[in-house]
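Listed below, chain by chain, are the residues.
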Amino acid sequence: ADLDKNMFDDLQKKIGTDAMAGLFKSLDVCTETQTSTVELLMPKLSYLQPGPDDNFRNVFYWVPQVGKMAEAEALLAEWVKASSSKNCPAGFQIFRTVFGGQPRFISVSWGKNQADLAQKLQKNHELMGDEGAKLWEKVLTITKSYYTKVGWIENELGYAPAPN
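About the cut-offs
Residues numbered from 1 in each chain as written. Predicted model: local features only at pLDDT ≥ 70, side-chain atom pairs only at ≥ 80, totals over all residues. Heavy atoms only, no water. Helix = DSSP H or I, 4+ residues; strand = E, 2+ residues; numbered from the N terminus. Expected span 1.5 Å × (residues − 1). Buried < 20%, exposed > 50% of the residue type's maximum accessible area, 1.4 Å probe, protein only. Contact = heavy atoms within 4.5 Å. Pairing = 2+ DSSP bridges. Axes fitted to C-alpha atoms, helices over the stretch in contact; angles between N-to-C directions. Core = buried A, V, L, I, M, F, W, Y, C linked by side-chain atoms within 4.5 Å. Salt bridge = Lys/Arg side-chain N within 4 Å of Asp/Glu carboxyl O. Polar contact = N/O pair within 3.5 Å; in protein donor to acceptor, adjacent residues only side chain to side chain.

End to end, helix α3 (residues 69-85) covers 24 Å across 17 residues, agreeing with the expected 24 Å (1.5 Å per residue, within 8%). Inspection of α3 places Met69, Ala72, Leu75, Leu76, Trp79, Val80, Ala82 and Ser83 among the buried residues, and these make up the whole buried set. Along its buried surface, α3 packs onto β2 (56-64), β3 (93-99), β4 (105-111) and α4 (114-141). Following α3 by one or two positions, Asn87 has its phi on the positive side, about 55°.

Moving on, we get to the sheet that holds strand β1 (residues 38-41). Strand order in the open sheet made by the five strands is β1-β3-β4-β2-β5, with antiparallel pairing throughout. Edge strands, defined here as strands with exactly one partner in the open sheet, are β1 and β5 (143-152). If you compare each strand with its neighbour and ignore which way they point, the axes differ by 25° on average. Here α4 sits on the sheet in contact with β2, β4 and β5, set at roughly 150° to β4.

Ranked by size, the top nonpolar core spans 20 residues in total, and within it Trp62, Ile94 and Phe105 carry the most contacts. Only β2, α3 and α4 provide two or more residues apiece to this core. In terms of residue count, α3 provides more of this core than any other element does, seven residues in total. When near neighbours in sequence (up to four residues on either side) are disregarded, Ile94 contacts Leu40, Leu41, Met42, Leu45, Ser46, Leu76, Phe105, Ile106 and Ser107.

Turning next to the pattern of salt bridges. Under the criterion given, the structure shown has eight salt bridges. Here Glu39 makes a salt bridge to Arg104, at a shortest N to O gap of 3.1 Å. Note that Glu39 is positioned in strand β1 and Arg104 in the loop between β3 and β4, a separation of 65 residues in sequence. A relative accessible area of 14% means that Arg104 is categorised as buried. When the shortest N-O distance is used, the salt bridge between Arg96 and Glu73 registers 2.4 Å. Taken as a pair, Arg96 in strand β3 and Glu73 in helix α3 lie far apart in primary sequence, 23 residues in all. Here Arg96 falls in the partly exposed class, since its relative accessible area comes to 23%.

A word on the environment of Ser46. In this fold, Ser46 is placed in the loop between β1 and β2. Each C-alpha atom of the pair Ser46 and Lys5 lies 29 Å from the other, and the pair is 41 residues apart in sequence. In contact with Ser46, not counting residues within four places along its chain, are Leu41, Val80, Phe92, Gln93 and Ile94. Reaching out from Ser46, the side chain makes a polar contact with the backbone nitrogen of Ile94 at a distance of 2.8 Å.

That is the geometry; function is a separate question.
This is how it looks when you write it as structure tokens:
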């Protein structure tokens, strides 16, 4: 990764230095805190991919107890295996924090909207049955903390820098 390069350089050249400064100035009045982290997608611990219209996101932040990251990875692998064997409709992508903040995993699930995701998760719950309940108990025994955030991908507001 080119972490030493300004990822907004081509945008700044297109809109100008003053306009770019204005973008960040407007953010300053609405940002209470900010933390920089590097999150690594873990494809082998992920199950399915979001579709093009799956813009609703449920983001589950999971902080395992100190010294339990390897055990946590093993549990995530069990979730993938069980979800795949039961053909669960709700998928998830797993990310691991590799720099900044607490060591944690982030599980992102998706749907067309909140109702679509809720329906998929309910079906997952039914398909997983006792196996899912036992896996969740194992997760809780090594958990320091967890929390969830939900939101939407706003494609029209996104910006992807040109490849270098």
